[in-house]
Amino acid sequence: MAKRTATTDPAATEPADAALGLRERKKRQTALRIWRSAITLFAERSFDEVSVAEIAAAAEVSKMTVFNYFPSKEDLVMGPMEQHTGEAAEVIRDRAPGVSAVAAVRTHFLAALERFDPATGLSDERFVLDVVRLIHRTPALALRATTAWGHAANELLAAELLAQDPAGDRLAARVAAAQLMSVRLALTEENHRRMLAGERAVDVLPEAVEHAHHAFALVEHGLGDYGTRPV
């Protein structure tokens, strides 16, 4: 089974159950049960009002088992998403010869939209939306998403762009990384907004694809005279 991208499911990057041994299947199932129990409790009462002991009880495991899978309470929400911190950098590293950075990231994002990948924001699954709401409503999680995860993803992408730049232009690599990550973020946030408003992912898909093409074109061709004040 091909690798899936996801912001939520802690087993999202694992092989299909049939490809795993019994021990690994059980570990995967335990991680998923803990995660779902945590997200359900957080959604019902808020992140700050739920203890790890309560999550352990709901998942029918020990508190130590929870920490074995998720080192901190914040990791129960952010850990699965942070598995994809280096994803954009991987896209750049693995792109075919002759493919630009913009084209590679755009193609990857469009393919993710078509499969309703939670990483694009275009998912109306309950657990996915519960995680998005939690991050929006919990300052500690929002801060980690923007300053820790966002910064790390940007740095990894800039490093990969620089490594593949024959000119070694550090500034260009950092500017390009910032633009590409900002486009992804803007598109994802718009999709989140519409999912949280109750729209169906399947209905939003055509416009989300159109928005993605437009947004990446702005990076590809530059802003030009966009924003010029009328005389």
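Please refer to the structure higher up on the page.
Throughout what follows, the structure given in this document is the object of discussion. Bear in mind the structure is a predicted one, so any value in this text is a computation, not a measurement.

**Examining helix α10 (residues 201–221)**
(1) Moving on: The end-to-end C-alpha distance of α10 is 29 Å, a good match for the 30 Å that 21 residues give at a rise of 1.5 Å each.
(2) Moving on: At E207, α10 shows its maximal kink, close to 30 degrees.
(3) Moving on: Those residues of α10 not exposed but buried are A201, V204, L205, A208, V209, A212, A215, F216 and V219.
(4) Moving on: Where α10 is buried, its residues meet α6 (101–114) and α9 (170–196).
(5) Moving on: Just beyond α10, the residue with positive phi is G222, at close to 85 degrees.

**Observations concerning unusual backbone geometry**
(1) Moving on: The phi torsion at E60 lies on the positive side, around 60 degrees, for a residue other than glycine.
(2) Moving on: Within the secondary structure, E60 is located in the loop between α2 (52–59) and α3 (63–69).
(3) Moving on: The backbone of F116 sits at a positive phi, close to 55 degrees, despite the residue not being glycine.
(4) Moving on: On the secondary structure map, F116 appears in the loop between α6 and α7 (126–137).

**Describing the packing of helix α8 (residues 139–163) against α9**
(1) Moving on: Interhelical geometry of α8 versus α9 gives an angle of 135 degrees and a closest axis separation of 8 Å. The orientation of α8 relative to α9 falls into the category oblique. Crossing angle aside, the handedness with which α8 passes α9 is right-handed. Here A153, N154, E155, L157, A158, L161 and L162 of α8 lie close against α9, whose contacting residues are R170, A173, R174, A176, A177, A178, L180 and M181.
(2) Moving on: Looking at the contact of α8 with α9 residue by residue, the class counts come to 11 nonpolar, one polar and three charged.

**What to know about the packing of helix α4 (residues 75–82) against α8**
(1) Moving on: Where α4 contacts α8, the axes come no closer than 11 Å and their chain directions differ by 30 degrees. If you check the angle between α4 and α8, you find them roughly parallel. The interaxial crossing formed by α4 with α8 has right-handed handedness. Across the interface between the two elements, D75, V77, M78, M81 and E82 from α4 touch L141, R144, A145 and W149 from α8.
(2) Moving on: Classifying every residue of the contact of α4 with α8 by side-chain character gives six nonpolar, no polar and three charged.

**Here's the deal with the pattern of salt bridges**
(1) Moving on: Going through the model one piece at a time under the given rule, you end up with 15 salt bridges.
(2) Moving on: We note a salt bridge from E82 to R144, for which the minimum N-O separation is 2.7 Å. Highlighted residues: E82 in helix α4 and R144 in helix α8, separated in sequence by 62 residues.
(3) Moving on: Among the charged side chains, a salt-bridge network with shared partners connects E74, D75, E82 and R144.

**Quick look at the packing of aromatic side chains**
(1) Moving on: According to the stated counting rule, one finds three aromatic pairs in the structure shown.
(2) Moving on: Between F42 and F47 the ring centres are 4.9 Å apart and the planes differ by 50 degrees, which places this aromatic pair in the tilted class.
(3) Moving on: Here F42 falls in the buried class, since its relative accessible area comes to 1%.
(4) Moving on: Given a relative accessible area of 6%, F47 falls into the buried group.
(5) Moving on: We note K73 situated over the ring of F47; from NZ or CZ to the ring centre the distance is 4.7 Å.
(6) Moving on: For the cation-ring pair, R126 lies above F127, with the distance from its terminal atom to the ring centre recorded as 4.3 Å.

**Quick word on the nonpolar core**
(1) Moving on: Grouped together as the largest cluster of nonpolar side chains are 33 residues, with contacts concentrated most on L113, L122, L157, L180 and F216.
(2) Moving on: No other element matches the nine residues that α10 contributes to this core.
(3) Moving on: Beyond its immediate stretch of four places on either side in the chain, F216 contacts V102, V105, R106, F109, L180, V183, R184 and L187.
(4) Moving on: Among the nonpolar cores identified, the runner-up in size contains 27 residues, and I34, V50, V52 and M78 belong to it.

What counts, and at which threshold
Residues numbered from 1 in each chain as written. Predicted model: local features only at pLDDT ≥ 70, side-chain atom pairs only at ≥ 80, totals over all residues. Heavy atoms only, no water. Helix = DSSP H or I, 4+ residues; strand = E, 2+ residues; numbered from the N terminus. Expected span 1.5 Å × (residues − 1). Bend = angle between axes of the 7 residues up to and from the residue. Buried < 20%, exposed > 50% of the residue type's maximum accessible area, 1.4 Å probe, protein only. Contact = heavy atoms within 4.5 Å. Axes fitted to C-alpha atoms, helices over the stretch in contact; angles between N-to-C directions. Parallel < 35°, antiparallel > 145°, perpendicular 65-115°, else oblique. Left-handed = near helix turned anticlockwise from the far one by under 90°. Nonpolar A, V, L, I, M, F, W, Y, C, P; charged D, E, K, R; others polar. Salt bridge = Lys/Arg side-chain N within 4 Å of Asp/Glu carboxyl O. Phe/Tyr/Trp six-rings, centres within 6.5 Å; stacked < 30°, edge-to-face > 60°. Lys NZ or Arg CZ within 6 Å of the ring centre and 35° of its normal. Core = buried A, V, L, I, M, F, W, Y, C linked by side-chain atoms within 4.5 Å.

Function cannot be read off these values alone, since they describe shape.
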